[in-house]
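Fold and contact review
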Amino acid sequence: MTRTVVAEAYGGPEVLALQDIELPALSEGQVFVDVRAAGANPIDYKLYGGEMGRDPASLPMPIGMEVAGVVAEITPGAAGYTGGLTVGDEVIVTNISGGYSDRVVAAAADVGHKPESLTFEQAAGLLLVGGTAWHLLTNTAVGTGDTVLIHGASGGVGLMAVQLAVARGAKVIATASPARHAQLRGYGAEPVAYGAGLADRIRAIGPVDAALDLVGTDEALDTSVELVADRARIATIAGFAKAPELGIAVLTGADGGQAIRDASRVELVKLAAAGKLDVTVDRVFPLTEAAETHRYLQTGHARGKVVLVP
Ligand SMILES: NC(=O)c1ccc[n+]([C@@H]2O[C@H](COP(=O)([O-])OP(=O)(O)OC[C@H]3O[C@@H](n4cnc5c(N)ncnc54)[C@H](OP(=O)(O)O)[C@@H]3O)[C@@H](O)[C@H]2O)c1
């Protein structure tokens, strides 16, 4: 038996419930991982909120796509993305459903070793946002000598995108609320406040070669189009409605991007282990408070990763 958080219906956080479920026996190539921390991401509430469609057959819907924990059981020969796995290994697991649990089942290929220097809470918040940021930077070919504008730079994906862009040798202009500017400056970005007059504030800093929209507002999309000459160098992960009419790529895992995100895991873990990629954990909630966790995320102003612990 394991406790797991599910959405019992489509709706707001009030539809979440903690249930006891029986996990099936492992199939070949699978691993049981005892969860120490589960990463919370906006996609978790968007799915049962119906933003990605509604299918009654998906209910009750397991919640949570990434965890960090300890390998509890393994099928013979199963290897993860960082190599062979053994019971007792501390690991980071991606691409799962039902991460808000005491124990999860995962394909071994989605299980990799957690560096000792990362806490379980940090490890649970590294790869979904890190892989997304990697995909954005790859798609827009951000590299040495570029100036990249990042909208929503203080969020989970944003903090990763800023650090990875700076590591690629780019100059970063980062939009965020003023309270977050010191942290962004610490990562080497030039912060600017979003809101009226944004394009002028950015122009005053200098020309922009590429833009990443992690917010999806008209302001972020319109400013990007205004300041970046080449639309192929603008990408969004949130502006699903408007981006297509502007000729801007909307990136998801489903567009072939999952392969890029999965391939980035080893490098992201290495960078984090070497202290070259910070994971800022904002708040840690108990598994029993999944609804509260999502209400907090839905404010849109979390100050880093939000994590649940069993
Ligand atoms: N398509 C994909 O594959 C994919 C993957 C991952 C995430 N996403 C989506 O990307 C978005 C960001 O995810 P996340 O995990 O980074 O979320 P998050 O951690 O909740 O971050 C939200 C950030 O948005 C900023 N923000 C709020 N209003 C803003 C505005 N008007 N202009 C600029 N910034 C604003 C906030 O900054 P301040 O607090 O400084 O105001 C906050 O730092 C979500 O919509 C998520 O669903 C998509």
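Residues numbered from 1 in each chain as written. Predicted model: local features only at pLDDT ≥ 70, side-chain atom pairs only at ≥ 80, totals over all residues. Heavy atoms only, no water.

An unreviewed UniProt entry annotates the protein chain as NADP-dependent oxidoreductase of Mycolicibacterium hodleri.

Our next topic: the packing of helix α3 (residues 127–139) against helix α4 (residues 156–167). Between α3 and α4, whose axes approach to 8 Å, the crossing angle comes to 55°. Regarding the angle of α3 to α4, the classification is oblique. Crossing hand, α3 versus α4: right-handed. Taking contact as the criterion, the partners of V129, G130, T132, A133, W134, L136 and L137 in α3 are, on α4, G156, V157, M160, A161, L164 and A165. Classifying every residue of the contact of α3 with α4 by side-chain character gives 10 nonpolar, three polar and no charged. (Axes fitted to C-alpha atoms, helices over the stretch in contact; angles between N-to-C directions. Helix = DSSP H or I, 4+ residues; strand = E, 2+ residues; numbered from the N terminus. Parallel < 35°, antiparallel > 145°, perpendicular 65-115°, else oblique. Left-handed = near helix turned anticlockwise from the far one by under 90°. Contact = heavy atoms within 4.5 Å. Nonpolar A, V, L, I, M, F, W, Y, C, P; charged D, E, K, R; others polar.)

Turning our eyes to something else, we now look at the site of the ligand. The full set close to the ligand counts 24 residues, and K46, S154, S177, Y194 and H301 are the nearest of them. The side chain of K46 places a nitrogen or oxygen atom 2.7 Å from an oxygen atom of the ligand. Note that a nitrogen atom of the ligand is positioned 2.8 Å from one of the backbone N or O atoms of L251. Relative to its unbound accessible surface of 940 Å², the ligand loses 86% to contact with the protein. (Near = heavy atom within 4 Å. Polar contact = N/O pair within 3.5 Å; in protein donor to acceptor, adjacent residues only side chain to side chain. Areas by Shrake-Rupley, 256 points an atom, 1.4 Å probe, with all protein chains shown as cover.)

Glancing now at the domain arrangement of the protein chain. One can read the domain layout of the protein chain as domain 1 (2–126 + 279–309) and domain 2 (128–257). The gap between the C-alpha centroids of domain 1 and domain 2 is 27 Å. The interface of domain 1 with domain 2 comprises 12 residues on the first partner and 11 residues on the second. Buried surface at the junction of domain 1 and domain 2, both sides included, amounts to about 830 Å², of which 57% is carbon and sulfur. By the criterion of area lost to domain 2, the three top residues of domain 1 are L126, T280 and R303, representing 36% of everything that side buries. Linking domain 1 to domain 2 there are zero salt bridges. Remark: the boundary between domain 1 and domain 2 carries three residue pairs in polar contact (both at pLDDT 80 or more). Of the residues in the side of domain 1 that touches domain 2, the class split is four nonpolar, five polar and three charged. (Domains from an automatic or database assignment. Buried area = accessible area lost by both parts, 1.4 Å probe. Salt bridge = Lys/Arg side-chain N within 4 Å of Asp/Glu carboxyl O.)

Attention now goes to the layout of surface pockets. Empty space within the second largest pocket amounts to approximately 180 Å³. Taken together, T2, T4, V6, I21, L23, P62, S97, G98, S101, R103, V104 and V105 form the lining of the second largest pocket. Of all the secondary-structure elements, those providing two or more residues to the lining of the second largest pocket are β1 (2–7) and β9 (103–107). Taken together, the residues of the lining of the second largest pocket break down into six nonpolar, five polar and one charged. (1 Å grid on protein atoms, 1.4 Å probe; cavity = no way out; pocket = protein on both sides within 12 Å on 5 of 7 lines; lining within 4 Å. Points joined across faces, edges and corners; volume = space filled by probe spheres on them.)

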